[in-house]
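# A look at the structure
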Amino acid sequence: MEQADLRQWERQCIQEETPRCVAACPIHVDAKLFCSLMGQRRWDKAWQVLAKTMPLPGVLARLCDAPCESACVRKDAGGAVELGELERYCAENAKPVPPPKPLPSRGKRVAVVGDGMSGLSGAWEMARRGFDVTLYSSEPGRHLREALGERLPDGVLERELASLVTLGVRFDKEMKVSPSVLDSLLEEADAVFLDSDAISSDLLPAEVPDEITLGVPRLGLFVAPKGEASPVLQAAAGRRAANSIERFTQGVSMVSGREREGAYATRLFTSLEKVESVAPVAVESDSELTARDEARRCLQCECLECVKVCEYLRHYKSYPKVYVRQIYNNESIVMGTRQANTMINSCMLCGLCETVCPEDFDMAEVCLQARRTMVEKGKMPPSAHEFALRDMAFANGEQCVVAEHAPGADASEYAFFPGCQLTASDPDGVEKAYADLRGRIGNVGLLLHCCGAPAHWAGREDLEAETAASLVDKWEALGRPKLIVSCPSCVKTLRHQLPDAEITSHWSLLRAIGLPQGIAGGGAFAVNDPCAARHEPLMREDVRALLDQMEIAVTEPELTGQTTECCGYGGLLSEANPQLAKRVAQRRAAAADEDFVTYCVMCRDQMARVGKRAVHLYDLLFPARSRCACRPSPGYSDRRENRIRLRERLLRELWRKEMDGETDPADAIDVSFTEEALEAMDERRILKTDIRKVLLQARNSGKWFVHRETGRFLASFRPSIVTYWAVFENHEGGYLVHDAWSHRMRIKGGQP
Amino acid sequence: MTVGSVPLWEQPVLRQTAGETLRPGSFELTDRGADLLGFAPGWKILDVGSGLGASVNRLRSRYGVEAYGVEQSIRQLEQASDTSNLVQATGDSLPFAGGSFHAVLCECALSLFPNPGAGLAEFQRVTMPGGFLILSDLFADRAAPAEPGSCAGRAMPLASIRQQVECNGYEILRVEEHTVLLKDLAARLVLAGGGSEKECGCAGRKGLGYYLMIAVKGY
Amino acid sequence: MSVIKVPEIDSVDWSCAACGEELVRRPVELEYLDSQFTVELPVCPQCNMVLIPKALALGKMHQVEQLLEDK
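Sequence order as written defines residue numbering, which begins from 1 separately in each chain. All chains are assigned letters beginning with A, and all ligands numbers beginning with 1, in the order in which they are written. The model is predicted, so local features are restricted to residues of pLDDT at least 70 and side-chain atom pairs to those at 80 or more, both for listing and for counting; the totals for chains, interfaces and linings are taken over all residues. Each side-chain value is worked out from all heavy atoms of the structure, with water and hydrogens disregarded.

We now examine the overall build of chain B. From N to C terminus, chain B includes 7 helices and 9 strands. A burial count over chain B gives 53% of its 219 residues as buried. Partitioning the intrachain contacts of chain B with sequence separation of at least 6 by distance along the chain shows that 72% fall at a separation of at least 24. Working note: accessible area of chain B is about 9400 Å², and carbon and sulfur atoms make up 53% of it. Every helix listed is a DSSP run of H or I at least four residues long, and every strand listed is a run of E at least two residues long, numbered separately from the N terminus. Burial here depends on accessible area, computed with a 1.4 Å probe over protein chains only, as a share of the maximum for the residue type. Under 20% is buried, over 50% is exposed, and the range in between is partly exposed. Two residues form a contact once any of their heavy atoms are found within 4.5 Å. For the area figures, the Shrake-Rupley method with a 1.4 Å probe applies, and any residue is considered shielded solely by the protein chains shown.

For the rest of this paragraph, the subject is the pattern of salt bridges. Between Lys or Arg on one side and Asp or Glu on the other, a salt bridge is scored when a side-chain nitrogen of the former is within 4 Å of a carboxyl oxygen of the latter. The full count for this structure, using the stated rule, is 69 salt bridges over all chains. For A:Arg544, the salt bridge is made with A:Asp529, and the minimal N-O distance between the two is 2.7 Å. Of this pair, A:Arg544 sits in helix α26 (residues 537-549) while A:Asp529 sits in the loop between β11 (524-528) and α26, and the two are 15 residues apart along the sequence. Where B:Glu176 meets B:Arg32, a salt bridge forms, and the shortest distance between an N and an O atom there is 2.6 Å. Within this pair, whereas B:Glu176 is found in strand β8 (residues 170-177), its partner B:Arg32 is found in helix α2 (residues 28-37), the two being separated by 144 residues in sequence. Overlapping salt bridges, with partners in common, bring together A:Glu311, A:Arg314, A:Glu565, A:Arg583, A:Arg587 and A:Arg588 in one network.

Here the focus is the pairing of strand β7 (residues 414-417) of chain A. All names here are of chain A. Of the two faces of β7, the one lined by Tyr-414 and Phe-416 and the one lined by Ala-415 and Phe-417 are each fully buried. Where β7 lies against strand β8 (residues 444-448), 3 bridges are found, and the strand directions are parallel. Bridging across to β8, Phe-416 finds its partner in Leu-446. One ladder, built from 4 bridges, connects β7 with strand β9 (residues 482-485); its direction is parallel. Residue pairing for β9: Phe-417 is matched across the bridge by Val-485. Strands are treated as partners if at least two bridges between them are detected by DSSP.

The tendency in soluble globular proteins is for nonpolar side chains to be buried side by side. Residue and element names in this part refer to chain A. Tyr-312, Leu-313, Met-363, Phe-416, Leu-494, Trp-507 and Leu-617 are the most contacted members of the largest nonpolar core, which has 119 residues in total. In terms of residues, this core owes the most to one element, helix α18 (residues 363-376), which gives 7 residues. Lining this core are residues from two domains, each supplying at least three of them: domain 3 (305-384) and domain 4 (387-641). Excluding residues that lie within four positions of it along the chain, Trp-507 makes contacts with Ser-486, Met-539, Asp-542, Val-543, Leu-546, Tyr-599, His-616, Leu-617, Tyr-618 and Leu-621. Trp-43, Trp-124, Leu-135 and Leu-167 belong to the second largest nonpolar core, which has 104 residues in total. We define the nonpolar core as a collection of buried residues of types Ala, Val, Leu, Ile, Met, Phe, Trp, Tyr and Cys that are connected through side-chain atoms lying within 4.5 Å of one another. Source of the domain bounds: an automatic or database domain assignment.

This part is about the environment of A:Cys451. Residues and elements named next belong to chain A. Within the fold, Cys-451 resides in the loop between β8 and α22 (453-457). Residues Cys-451 and Glu-85 lie 366 residues apart in sequence; the distance between their C-alpha atoms is 63 Å. The residues touching Cys-451, leaving out its near neighbours within four places in the chain, are Phe-417, Thr-467, Leu-471, Cys-490, Thr-493, Leu-494 and Gln-497.

With that settled, consider the domain arrangement of chain A. In terms of domains, chain A is made up of domain 1 (18-97 + 269-295), domain 2 (111-225), domain 3 (305-384), domain 4 (387-641) and domain 5 (665-743). For domain 2 of chain A versus domain 5 of chain A, the distance between C-alpha centres works out to 90 Å.

So, about the pairing of β8(A). With respect to burial, β8(A) is a largely interior element, 5 of its 5 residues being buried. Here β8(A) shows two buried faces, one formed by A:Val444, A:Leu446 and A:Leu448 and the other by A:Gly445 and A:Leu447.

Residue and element names in this part refer to chain B. Following both chains from N to C, one finds α2 and helix α3 (residues 54-63) inclined at 45°, their axes separated by 11 Å at the closest point. Taken as axis vectors, α2 and α3 run oblique relative to one another. Here the hand of the crossing between α2 and α3 comes out right-handed. Where α2 approaches α3, its residues Thr-30, Asp-31, Ala-34 and Asp-35 are matched on the opposing element by Ser-55, Arg-58, Leu-59, Arg-62 and Tyr-63. Looking at the contact of α2 with α3 residue by residue, the classes come out as 3 nonpolar, 2 polar and 4 charged. Axis definition: a line fit to C-alpha positions, over the contact stretch in the case of helices; interaxial angles, taken between N-to-C directions, run 0 to 180 degrees. Here roughly perpendicular refers to angles of 65 to 115 degrees, roughly parallel to angles under 35, roughly antiparallel to angles over 145, and oblique to all remaining angles. Crossings are assigned a handedness: left-handed for a near helix turned anticlockwise from the far helix by less than a right angle, right-handed for a clockwise turn. By the convention adopted, Pro, Cys, Tyr, Trp, Phe, Met, Ile, Leu, Val and Ala count as nonpolar, Lys, Arg, Asp and Glu as charged, and the other residues, Gly among them, as polar.

Ranking by contact count across 2 pairs of chains in contact places chains A and C at the top. With no contact formed, the shortest span from any C-alpha in chain B to any C-alpha in chain C equals 47 Å.

Residue and element names in this part refer to chain B. The strand order across the open sheet built from 7 strands is β5-β4-β3-β6-β7-β9-β8, with neighbouring strands paired in mixed fashion. One side of each edge strand has no neighbouring strand; the edge strands of this open sheet are β5 (86-88) and β8. If you compare each strand with its neighbour and ignore which way they point, the axes differ by 20° on average. Examined bridge by bridge, strand β7 (residues 127-140) and strand β9 (residues 208-217) share 9 bridges and lie antiparallel to one another. By the bridge assignment for β9, Ser-136 is matched with Leu-212.

Below is the structure:
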């Protein structure tokens, strides 16, 4: 990832964008924090939030006309939060705070003429920044008192005027400022600020002040816009003048970086989808609870749309803008640990975040690219995807691959491509599906091969290309048939791997040619769209049409179709981070009360692994007693067995090919496993064949350990990069295995 | 482009259409030049061909720079609202000491000089070493027959303009094309104009464009 | 390299069947990726067969492997 890419991604995630109220406030008071504190009845802390930003807070909070209210998101859910009322309540009930400590004097003098809100605010801001301010007014505060005095309780204005004195403002009540006095002020002081509405108009220059700087052609003179009635905008003018005067006296640009000085539009998006409409609570100055309740109507705006729908994004306790920086930093680390590797490998690459994000932030793109970079640089942790890639290699090996024309045919118009997980999980369904296709379509060949999705997800472009080459080879040898593909992930992947092939999903085909005989119809299910079907509206529609034809009552989970959730297998999450994958599966399982019907077998198996009843469409189209909603997900060893046996069976029965049986001696060993052993092996990704190898090694070498109490044996073997250990005993001519474990660390010069 | 003897840029319709500035783009290119160079309080800027003084006022109000204007036409100066920073003079004979300014600005005026080269030499003279030149004006893709006194008639090819600038002691830093502003003004003139004014020939002619150039005077 | 002693290894229950010997603690060299460690592990004094108990393999060894992988 380049820095430019990082900035672009960071910009796309709007979680840190300003809430609308803060952006709409001309002086950017943190209204969101204010409401949070008011909602906790922490009046003093809330007052400090206001006093931090507001000039003359005691006065301004009482007079504030709250333009923030017109921007408040709550206005569409009952009515804007009554921020003006809350400000007044706080002013009445919180402990006053002293004015801020001013910066040390810069030795720069500023004259302020006019004591309206603009003049007083300008004086406040500039004194705070260390300017030597003299405010010219015959009776400071009179203009403000005349304009808005009835809204100010006794003593409030006086206290703020006293604060101005504490800040170091000097009041000059004697000097009558005429145009010639103004001229000399401009000579002597470093800058002059005029409060247009509080002075005689003969002092005003002819030109309207510049909207960004409040400057006029006469250098050093700054003028508040005339006729501004809003107290907070008057205060904002005072602050703007202070900003300009600061830049002017420092000789730095008058304009750069001032785009967000006044009110601006923010990109933050806050969903109102699940927000109940609640009407405003009338705030009464002697009732704490009314203030608290009104403040609690504040939505505490933030986006987090993607985090709301994704367990993975929620798990890392932050949001994409932060994540992408963590990933960028991770890539840059030359020495030391890379903390973000697991996070990068835990994204399901499913595209849900991109779909719900108001700015289309795509975590999948970020993570997939990061994985590729890790692979390129040799930084991908071997154990993350190794098992899945080994499994893919096995599925593409000679024990599993089938590429044949229909029995008796020498050409294929179509070829059936069920995908490597269907053959592993439901070989019976595959067999029946193939038979059905042959019966009704004719020359349908069979192509059993992995599409390469695991390699893609693992960031292994080399293995992706290797798989593609093998696929192209076999597809061409079959005469470039149209492919009938069952798995939506295969559909997606094959489009890249075989760009010249015509690909139809089995579901769309069935809708076109009609249902097979003997289906199990009726019943009620919730439909689970696999995440690979997210951008396949036609496929999703065809599936629903099939379910309808089968007279199945279908409920849609809340997140469905384009917004469907991944089951936890996507992106190889279940390999790289099994604990998180389990939670993801559990979350999906809870999305519906009904049993699930789905059309990706991995979704079905993931649901089964967390105890959720689920069927694959094949279970309904080609029913059998053994294939019900409660059948468990087959273990890793069984998956391999299934593929091997399916191939053998089909070649023998359909194509009359005998196996030239070069049996692996390890396979000849008679071994059985206890329940505990099988469970442990599945959890630790240890295959039965791996244990067979251990037993064979033990038998051949005569070396093993024996347990003093149980008399059981313990032996090990390292076929390649993992060492396997097995606890076993002799049993009816063979062995019974009780336990197994493995490790990758190698014993130097140790046993094989 | 004239009607009677009053040049287009002195006619009310142009003032009304283009705003107080009498050229395409209003303040867009003035601001762009100022932003690119980072104008800051304390800089001294000269606007040659300042017209009614709008740019001078703008630069002072917005950028806080000490901006002055030189304008040849007495008629224009009489119409300016405030002349305290404006001086009557021709661009090829500037009443300032050498090296007085941080930057000289000349917008939509150089092509009206009888001798642009002499003008550029003067600009260079009154600029401090390391100071800047901001030029914006028409240019032509092919040599146009000169219509005496009109903007469009005087437009030169960009290459010749570059050459002239470089020959007068400047190094060109940047040239940008902003022809869209020209077409926009021409369109508005068409809409705003009644029957008696002839249409501005500018944007209608092929191969006419508008440029912004920034150059620096060597040390 | 200094030898690392791993306290929780309890392996007194296993002995070498082929040699009939009790296991003793000896330094064993382990390696993974680019790292090497010398750890005291139960070994048959006669044939040098090393025992890696389940608790070690699934516990600290696994932790170290993940750490070295930066997982």
